[in-house]
Amino acid sequence: SLVQLAGATDVGTYKSVLMGRVGALARAQGSLADRKWEGARIKDLVSDELTNLWPEESCDIRGPDVAVSPDQAQPVSMLIHELATNASKHGALSVGGGRVTVEWSVAADDLVLEWSESGGPAVQPPERTGFGSRLIEQLARQLRADISREWRPDGLQIKLVMPLALAAMGVSA
């Protein structure tokens, strides 16, 4: 479906979009393999996606040592990739000096992940829903997550609340 639905105006853009999404899937597989397919650390998934696109100093990544289940790793990685791509094209990281902060915590049996952009251009809700936005919604449904967005003048804020698989909550080194 990624091949069929990766919309682009030209072949070069199509290739770039498709390779970015395939890369996100590959990085998630690498995180799973590092943990013997028992799950993936949120920190690794977020860090791998963000540092793939931007220098580390453009991003703040904070949260406890928490893992998601093997079934959750790819959708989480893809979701972060789509947010990161949108920030590069339209948001905080489309200009010099912009920042992205990703923080997460555990509340009861839920992972609460917050994405905050700052220092970029003024943002507004999009006029149309593109494939990336539809993919984010689909991934949130796959994760049984609630997702909320706020287009604040100082940057996009997103909150994702998803159930953690109990087996993945205990993280070992």
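Residues numbered from 1 in each chain as written. Predicted model: local features only at pLDDT ≥ 70, side-chain atom pairs only at ≥ 80, totals over all residues. Heavy atoms only, no water.

Asker: Can you walk me through the environment of Leu143 in this structure?
Answerer: Tracing the sequence through the fold places Leu143 in the loop between α5 (131-142) and β6 (146-152). In this structure the C-alpha to C-alpha distance between Leu143 and Asp71, which are 72 residues apart in sequence, comes to 8.8 Å. Residues within four places of Leu143 in sequence aside, it is in contact with Gln72, Pro75, Val76, Met162 and Pro163. (Helix = DSSP H or I, 4+ residues; strand = E, 2+ residues; numbered from the N terminus. Contact = heavy atoms within 4.5 Å.)

Asker: What is the right way to read the sheet that holds strand β4 (residues 99-107) from this model?
Answerer: Working definition: the strands of a sheet are paired by backbone hydrogen bonds and lie parallel or antiparallel to each other. Strands sit in the order β2-β4-β5-β7-β6 across an open sheet of five strands; the sheet is mixed. The strands lining the two open edges of the sheet, one partner per strand, are β2 (59-62) and β6. Direction aside, neighbouring strands of the sheet carry axes that sit 10° apart on average. Docked against the sheet, α5 engages β6 and β7 (155-163), running at close to 145° with respect to β6. (Pairing = 2+ DSSP bridges. Axes fitted to C-alpha atoms, helices over the stretch in contact; angles between N-to-C directions.)

Asker: Help me understand the packing of helix α3 (residues 42-53) against helix α4 (residues 70-89), please; the structure alone is not making it clear to me.
Answerer: Working note: a packed helix pair is described by the angle between its axes plus the distance between those axes. One way to put it is that α3 packs onto α4 with a least axis distance of 9 Å and a crossing angle of 30°. Regarding the angle of α3 to α4, the classification is roughly parallel. The interaxial crossing formed by α3 with α4 has right-handed handedness. Touching Ile42, Leu45, Val46, Glu49, Leu50 and Leu53 of α3 are Ala73, Val76, Ser77, Ile80, His81, Ala84, Thr85 and Ser88, all from α4. Class assignment of the residues belonging to the contact of α3 with α4 gives a composition of nine nonpolar, four polar and one charged. (Parallel < 35°, antiparallel > 145°, perpendicular 65-115°, else oblique. Left-handed = near helix turned anticlockwise from the far one by under 90°. Nonpolar A, V, L, I, M, F, W, Y, C, P; charged D, E, K, R; others polar.)

Asker: What's the story with the pattern of salt bridges in this structure? I'm lost.
Answerer: Pairing between side chains of opposite charge can happen when their charged atoms approach one another. For the coordinates displayed, the defined rule picks out five salt bridges. Between Asp60 and Arg99 there is a salt bridge; the shortest N-O distance is 2.9 Å. On the criterion of sequence distance, the pair formed by Asp60 in strand β2 and Arg99 in strand β4 is long-range, its members being 39 residues apart. Its relative accessible area of 24% is what places Asp60 among the partly exposed residues. (Salt bridge = Lys/Arg side-chain N within 4 Å of Asp/Glu carboxyl O. Buried < 20%, exposed > 50% of the residue type's maximum accessible area, 1.4 Å probe, protein only.)

Asker: Please clarify how the pairing of β4 should be interpreted in this entry.
Answerer: Along any regular strand the residues' side chains alternate between the sheet's two faces. Summarising the sheet, β2 and β4 pair through four bridges and their orientation is parallel. Paired with Cys59 across the bridge in β4 is Val100. In this structure, β4 lies alongside strand β5 (residues 110-118), joined through nine bridges in antiparallel fashion. Following the sheet pairing, Ser105 is matched in β5 by Val112. From the end of β4 to the start of β5, which pair antiparallel, there are two residues, and Ala108 there has a positive phi angle of about 60°.

Asker: What should I look at first to understand the environment of Glu150 in this one?
Answerer: Relative to the assigned elements, Glu150 resides in strand β6. For Glu150, a relative accessible area of 43% puts it in the partly exposed group. When the C-alpha positions of Glu150 and Gln124 are compared, they lie 8.9 Å apart, and in sequence the two are 26 residues distant. If sequence neighbours within four positions are ignored, Glu150 has contacts with Gly155, Leu156 and Gln157. A distance of 3.2 Å separates the side chain of Glu150 from the side chain of Arg152, its partner in a polar contact. (Polar contact = N/O pair within 3.5 Å; in protein donor to acceptor, adjacent residues only side chain to side chain.)

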